[in-house]
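Analysis of the macromolecular model
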Amino acid sequence: MLFGKSIKDFAVNTINSQVTTKIIVSGGIDFSVFSNFPYVSVELNKVRVKDTFGSEADLLYAEKVSVLINLWNLFNGTNTISRIAIQDGSLSVKVNKSGKANYLIFKDAANGPSKSIHITQLLLRKIELDYDDKYNVQHYTGVIKDIKLSGDFASTQFDLKLQGAFFARHILINNTDYATNKDLEFDGGIRIDMNTGEYKINKTTLSVNSSAFNISVMLKNQTQNMQIDLFINGA
């Protein structure tokens, strides 16, 4: 199918042109019009994304990564990757002691963000998470059951909407474990300012083992640690 091949080529070539690391697809690439309608879906099977620390370690492994492109935009000639769904895999996020992160895989665009990649929604399902931040002394491990994140990820300041469920094995901050083997569900938003390193969680409902709370959090990167202001009320 010529149409399907051109969309597959567009998705793969666009992603490869915008990243600084290796993306290995060992299980083939499929194309579907109907699985995520009204989005056409390019499905990459058995995907490995290498981290940016120069090792052979994986930042991400996924059995399936679906790249979604709005069907109507195709007919208008405005091909844009706007949604990505990742499922059945593992995510290993690391920040070293000097504050360098292994997940900054996209190239800095000299003339602004790429018009071909403008991600506004990221879906994660059944992903083992290991987040190890040595700079801020934080370590989270668990399973992302089903999480949807929506926002203008190309911006340095944006509102991130998040909804989903996470099984926390450990949430360690400054060597204090705040959640051991807990089922967490959340629905709310975060105001993100990449320029100042501030993350403000507002109007978010957090359920811990089915007990609901309203939370408000201000996180701010300091020179050597993370300042956290946390407010919790019963829902």
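Below, the structure is looked at part by part. A quick note: this is a predicted structure, and the numbers were derived from the prediction, not measured.

Another aspect to go through is the overall build of the protein chain. For the protein chain, the count of helices and strands is two helices and 13 strands. Residues counted as buried form 38% of the 235 residues belonging to the protein chain. Across the protein chain, the fraction of contacts at a sequence separation of at least 24, relative to all contacts at a separation of at least 6, is 50%. Accessible area of the protein chain: about 13300 Å², with a carbon and sulfur share of 53%.

With that out of the way, let us pick up the layout of surface pockets. Counted as a void, the second largest pocket has a volume near 200 Å³. Lining the second largest pocket are 15 residues, with Asn 36, Ala 85, Gln 87, Leu 123 and Arg 125 sitting closest to its centre. For the lining of the second largest pocket, the secondary-structure elements that each account for two or more residues are β2 (29–36), β3 (39–50), β4 (58–70), β5 (81–95) and β6 (117–133). The residue makeup of the lining of the second largest pocket, split by class, is six nonpolar, five polar and four charged.

So, on to the pattern of salt bridges. According to the stated counting rule, one finds nine salt bridges in the structure shown. The residue Asp 146 makes a salt bridge to Arg 125 at a minimum N-O spacing of 3.4 Å. With a gap of 21 residues between them, Asp 146 in strand β7 (residues 138–150) and Arg 125 in strand β6 connect regions that are remote in the sequence. Given a relative accessible area of 37%, Asp 146 falls into the partly exposed group.

Attention now goes to the pairing of β3. In terms of residue burial, β3 counts as a mostly covered element, since ten of its twelve residues are buried. Where strand β1 (residues 23–25) meets β3, three bridges bridge the pair, whose relative direction is antiparallel. Residue pairing across strands places Ile 24 opposite Arg 48, the latter belonging to β3. Bridging between β2 and β3 involves five bridges; their strand directions are antiparallel. Paired with Ile 29 across the bridge in β3 is Leu 44. Here β2 folds back onto β3 in antiparallel fashion, the turn holding two residues.

Turning to the nonpolar core, a few remarks are in order. One finds Val 65, Val 67, Ile 81, Ile 86, Ile 144 and Phe 166 to be the most contacted residues of the largest nonpolar core, which totals 47 residues. It is strand β8 (residues 157–173) that contributes the most residues to this core, seven residues altogether. Setting aside residues no more than four positions away along its own chain, Val 67 makes contact with Ala 11, Ile 15, Val 40, Ser 41, Val 42, Leu 44, Ile 81 and Arg 83.

So, about the environment of Thr 205. By the element assignment, Thr 205 lies in strand β11 (residues 198–208). Sequence-wise, Thr 205 and Gly 189 are 16 residues apart; in three dimensions their C-alpha atoms are separated by 9.5 Å. At 3.5 Å, the side chain of Thr 205 and the side chain of Asn 214 are in polar contact.

Moving on: the pairing of β4. For β4, the tally of buried residues reaches ten of 13 residues, placing the bulk of the element in the interior. Where β4 meets β5, nine bridges bridge the pair, whose relative direction is antiparallel. Along β5, the bridge assignment pairs Ile 69 with Ile 81.

Topologically, Asp 51 is positioned in the loop between β3 and β4. A polar contact of 3.1 Å, which involves the side chain of Asp 51, links it to the backbone nitrogen of Phe 53. Apart from the residues within four sequence positions on either side, Asp 51 is in contact with Thr 21, Ala 57, Asp 58, Leu 59 and Asn 102.

Calculation criteria
- Residues numbered from 1 in each chain as written.
- Predicted model: local features only at pLDDT ≥ 70, side-chain atom pairs only at ≥ 80, totals over all residues.
- Heavy atoms only, no water.
- Helix = DSSP H or I, 4+ residues; strand = E, 2+ residues; numbered from the N terminus.
- Buried < 20%, exposed > 50% of the residue type's maximum accessible area, 1.4 Å probe, protein only.
- Contact = heavy atoms within 4.5 Å.
- Areas by Shrake-Rupley, 256 points an atom, 1.4 Å probe, with all protein chains shown as cover.
- 1 Å grid on protein atoms, 1.4 Å probe; cavity = no way out; pocket = protein on both sides within 12 Å on 5 of 7 lines; lining within 4 Å.
- Points joined across faces, edges and corners; volume = space filled by probe spheres on them.
- Nonpolar A, V, L, I, M, F, W, Y, C, P; charged D, E, K, R; others polar.
- Salt bridge = Lys/Arg side-chain N within 4 Å of Asp/Glu carboxyl O.
- Pairing = 2+ DSSP bridges.
- Core = buried A, V, L, I, M, F, W, Y, C linked by side-chain atoms within 4.5 Å.
- Polar contact = N/O pair within 3.5 Å; in protein donor to acceptor, adjacent residues only side chain to side chain.

Spatial relationships are all this shows, so hold off on functional conclusions.
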